[in-house]
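Single-letter residue listing:
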Amino acid sequence: MKKYLFLLPLVLQVGIFGCQSTPSEKPNIIYIMADDLGYGDLGCYGATKIHTPNIDNLAEKGIKLLDAHSPAAVCTPTRYGVLTGRYSWRGRLKKEVFWSGYERSLIEQGRKTIGNMMKESGYVTAQIGKWHLGWEDEEPVNYEKGYLGRGPRDLGFDYSFVTASAQNLYPLTFVENHKIMSKLKPMDYYVHNPEQKEVPEHEISWHKRKVEEPMGGNTPMVVAEDWNPYEVDRIYTEKAIAFISKHVTNTPAKPFYLHLTPEAPHRPNIMPEFMRGTSQAGMRGDHVQLVDWMVGQIKETLSELKVDKNTLIIFTSDNGPKPVGIDGNQDGKMVTDFEHKSAGALHGFKASIWEGGHRVPFIACWPGKIEPGSVSDKLICLTDMMATFSNIVGYEIEENMGEDSFNALPVLFGGQNEIRGSVIHQDIRGNLAIRKGTWKLIDKQLFNLDEDLRESQDLAEEHPEVVSSLNALLQKQVEEGRTASQITIKQ
């Protein structure tokens, strides 16, 4: 079988194995990706109304990236991109997200993921948290049979405990190792306010328009009989701790990979009682602090089991924060009433092509490998996780893997060279933008991010040659089917 090594252009050449580490034993890897966490939501990124000591501590002991980006400004395409190392728009999802758990699997049959790669590299693997990537290969997916077909297990995860889709999309139920964990009943409350014991007409209409009509019916608004909307992320935390503890106890000689995807702080902003009122930024702020609590529980578990020194933890977000507006869970208060800027100084929010939609926090902590307290302004994308992890574990990427994935390990180790020459951004409508160096092209608008991070001054008329060059590069990268170059390695 031919296998491939992906390289940057020669001037920036850093291949997957170009800076390969050779540790005496493979590290455990925990990848934590929060949902709708903004660039300004963490203390280490400037937040003052929200307190995140556990995540901040990861940055103190590791590296904080200032120019990391999700491949899309919304959830589903980012999750696809992280697991596959490929932009989602190269496949069938050209815009928007999955609106329910009734969609068929987005990850194509035969396509390997980070889960497959880590499992083949000798890791015990787990996916815990929000799934939002579909199931099986026909739709609408049938939940009446009590189990689901193609999903996390087929994508390399030995263990999985996930929502069918998300905590705000139907069906609302946990799925453990493809088994639906509870009997389902008709939805009997407003998903964004569990105290409202009826489903609003606008939500029924939305579900009909977005889910039922496109799929031709058989997509009921149902919820698990024992569903507790306040405890979702706490349950994920328990499952993650149980996975780590069981693994270290039973198979200590093998490394583990944990792909942990909390629901927080995506709406509905509801959480266990012990977290309510703990921030100075309303219920969304409390929800962010729940994520920090989760990270603290994971760190404490690693320390107690004495595996923290050989565990790489990566913390990031799937896209930017929800746009500023009234949050029904904050008694009608505006997010701005709390004097907290969830996107920091960036322009735009979740779903948009602006920096606030896709520039995300990114922290990596690996004791003895990553310099404590380091900061990097080098450009990376979350699709780069596949190439980065392959470098760590010594896995040779195959031809149809990681088409848009570059090895970011040199950046994590403090390198001063760029590891990717450009990145393509996508908004919820499917519009694409391209970034190269300091320049960012959005349709016909051109911005110099080094001088104008707020994207307020369109320089297209002053630099038509840059516009032309970036348009050509974007078209080329779309048409070629990949951005990571490749050379054949004979086996």
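Residues numbered from 1 in each chain as written. Predicted model: local features only at pLDDT ≥ 70, side-chain atom pairs only at ≥ 80, totals over all residues. Heavy atoms only, no water.

Let's talk about the packing of helix H1 (residues 53–61) against helix H6 (residues 282–304)
Under the convention used in this document: Orientation is described by axes fitted as lines to C-alpha atoms, over the contacting stretch for helices, and by angles from 0 to 180 degrees between their N-to-C directions. Think of it this way: any DSSP run of H or I at least four residues long counts as a helix, any run of E at least two long counts as a strand, and we number them from the N terminus. Should an angle fall under 35 degrees it is called roughly parallel, over 145 degrees roughly antiparallel, and 65 to 115 degrees roughly perpendicular, with every other angle called oblique. Throughout, a residue-residue contact means that at least one pair of heavy atoms, one from each residue, lies within 4.5 Å. Any residue that is not Ala, Val, Leu, Ile, Met, Phe, Trp, Tyr, Cys, Pro, Asp, Glu, Lys or Arg is counted as polar, Gly included; the first ten are nonpolar and the last four charged.
Contact geometry of H1 with H6 gives a least axis separation of 7 Å together with a crossing angle of 60 degrees. By the angle between their directions, the pair H1 and H6 is classed as oblique. For the pair formed by H1 and H6, the contact residues are Pro-53, Asn-54, Ile-55, Asn-57 and Leu-58 on the first element and Val-291, Asp-292, Trp-293, Val-295, Gly-296 and Lys-299 on the second. Its residues assigned to classes, the contact of H1 with H6 shows six nonpolar, three polar and two charged.

Topic: the pairing of strand S3 (residues 63–69)
Stated formally: Residue burial is assigned from relative accessible area. The probe radius is 1.4 Å, only protein chains are included, and a residue is buried under 20% of its type maximum, exposed over 50%, and partly exposed in between. Two strands form a pair only when DSSP identifies at least two bridges running between them.
The element S3 is extensively covered by neighbouring structure, given that six of its seven residues are classed as buried. In the sheet, S3 pairs with strand S12 (residues 359–365) via five bridges, with the strands oriented antiparallel. Note that in S12 the partner of Leu-65 across the bridge is Phe-362. Where S3 and strand S14 (residues 380–381) come together, two bridges link them in parallel fashion. The residue bridging His-69 from the neighbouring strand is Cys-381, located in S14.

So, the packing of helix H5 (residues 232–250) against H6
As a reminder, the rule being used: Each crossing gets its hand from how the near helix is turned against the far one by less than a right angle, where anticlockwise is left-handed and clockwise is right-handed.
The interhelical angle for the contact between H5 and H6, taken along N-to-C directions, is 15 degrees, at an axis separation of 10 Å. With respect to each other, H5 and H6 are oriented roughly parallel. Where H5 crosses over H6, the handedness of that crossing is right-handed. Contact with H5, carried on its side by Asp-233, Arg-234, Tyr-236, Thr-237, Ala-240, Ile-241, Ile-244 and Ser-245, involves His-287, Leu-290, Trp-293, Met-294, Gln-297, Ile-298, Thr-301 and Leu-302 of H6 and no other residues of that element. Grouping the constituent residues of the contact of H5 with H6 by class yields nine nonpolar, five polar and two charged.

Observations regarding the confidence of the model for the protein chain
What counts, and what does not: The predictor's confidence in any single residue is recorded as pLDDT, a number from 0 to 100.
Residues at a pLDDT of 70 or more form 91% of the protein chain, whose mean pLDDT is 92. Across the protein chain, strand S2 (residues 28–34) holds the top mean pLDDT of 99, while strand S1 (residues 3–7) sits lowest at 40. Contacts of residues 326–331 to residues separated by more than four positions or lying in other chains number 21 contacts, the stretch itself having pLDDT below 50. Low pLDDT, under 50, characterises residues 487–491; the predicted model gives this stretch eleven contacts beyond four residues in sequence or across chains.

Let's talk about the pairing of strand S5 (residues 159–163)
Counting buried residues in S5 gives five out of five residues, a clear majority hidden from the surface. Judged by which residues are buried, S5 turns out to be covered on both faces: Tyr-159, Phe-161 and Thr-163 on one side and Ser-160 and Val-162 on the other are all buried. The pairing of strand S4 (residues 124–129) with S5 spans four bridges and is parallel. Of the residues in S5, the one forming a bridge with Gly-129 is Val-162. Pairing analysis gives three bridges linking S5 to strand S6 (residues 174–176), with the strands arranged antiparallel. Counterpart to Val-162 in the pairing with S6 is Val-175.

Concerning the sheet that holds strand S15 (residues 423–426)
Sheet strands line up and pair through hydrogen bonds in the backbone, either parallel or antiparallel. Spatially, S15-S16-S17-S18 is the arrangement adopted by the four strands of the open sheet, whose pairing is antiparallel. Whereas interior strands pair on both sides, the edge strands pair on one side only; in this sheet they are S15 and strand S18 (445–448). Each strand axis lies, on average, 20 degrees off the axis of its neighbour in the sheet, ignoring direction. Sheet topology note: the S15/strand S16 (residues 432–436) ladder contains four bridges and is antiparallel. Directly across from His-425, in S16, lies its bridge partner Ala-433. Lying on the sheet, helix H10 (residues 464–480) is in contact with S15, S16, strand S17 (439–442) and S18; it crosses S16 at an angle near 115 degrees.

Focus on the environment of Pro-171
Structurally, Pro-171 is set in the loop between S5 and S6. Owing to a relative accessible area of 1%, Pro-171 belongs among the buried residues under this scheme.

Here we look at the pattern of salt bridges
Put simply, the rule reads: Should a side-chain nitrogen of Lys or Arg be within 4 Å of a carboxyl oxygen of Asp or Glu, the pair is scored as a salt bridge.
All chains considered together, the criterion is met by 29 salt bridges. Across the pair Asp-318 and Arg-79 runs a salt bridge whose closest N-O atoms are separated by 3.1 Å. Taken as a pair, Asp-318 in the loop between strand S11 (311–317) and helix H7 (355–358) and Arg-79 in helix H2 (residues 75–84) lie far apart in primary sequence, 239 residues in all. A relative accessible area of 0% places Asp-318 in the buried class. We note a salt bridge from Arg-150 to Asp-137, for which the minimum N-O separation is 2.7 Å. Residue Arg-150 is found in the loop between S4 and S5, and its partner Asp-137 is found in the loop between S4 and S5; the two are separated by 13 residues along the sequence. For Arg-150, a relative accessible area of 15% gives the class buried.

Focus: the nonpolar core
Rules: What is meant by a nonpolar core is a set of buried Ala, Val, Leu, Ile, Met, Phe, Trp, Tyr and Cys residues, joined one to another through side-chain atoms within 4.5 Å.
Counting residues in hydrophobic clusters, the biggest one holds 61 residues, and the most contacted among them are Phe-362 and Phe-389. Counting residues per element, this core draws most heavily on helix H8 (residues 385–393), at five residues. Among residues more than four places away in sequence, those in contact with Phe-362 are Tyr-45, Ile-63, Lys-64, Leu-65, Ala-68, Ile-314, Phe-315, Thr-316, Ile-380, Leu-382, Met-385 and Leu-412.

Quick notes on the side chain of Thr-483
The criterion, for reference: Under the rule applied, a polar contact is a pair of N or O atoms within 3.5 Å (in protein, one hydrogen donor and one hydrogen acceptor; residues adjacent in sequence only if both atoms are side-chain atoms).
Looking at the secondary structure, you find Thr-483 in the loop between H10 and strand S19 (485–489). A polar side-chain atom of Thr-483 sits 2.8 Å from a polar atom in the side chain of Asp-404. Apart from residues lying up to four places away in sequence, Thr-483 is in contact with Tyr-87, Arg-90, Glu-403, Asp-404, Phe-406 and Gln-477.

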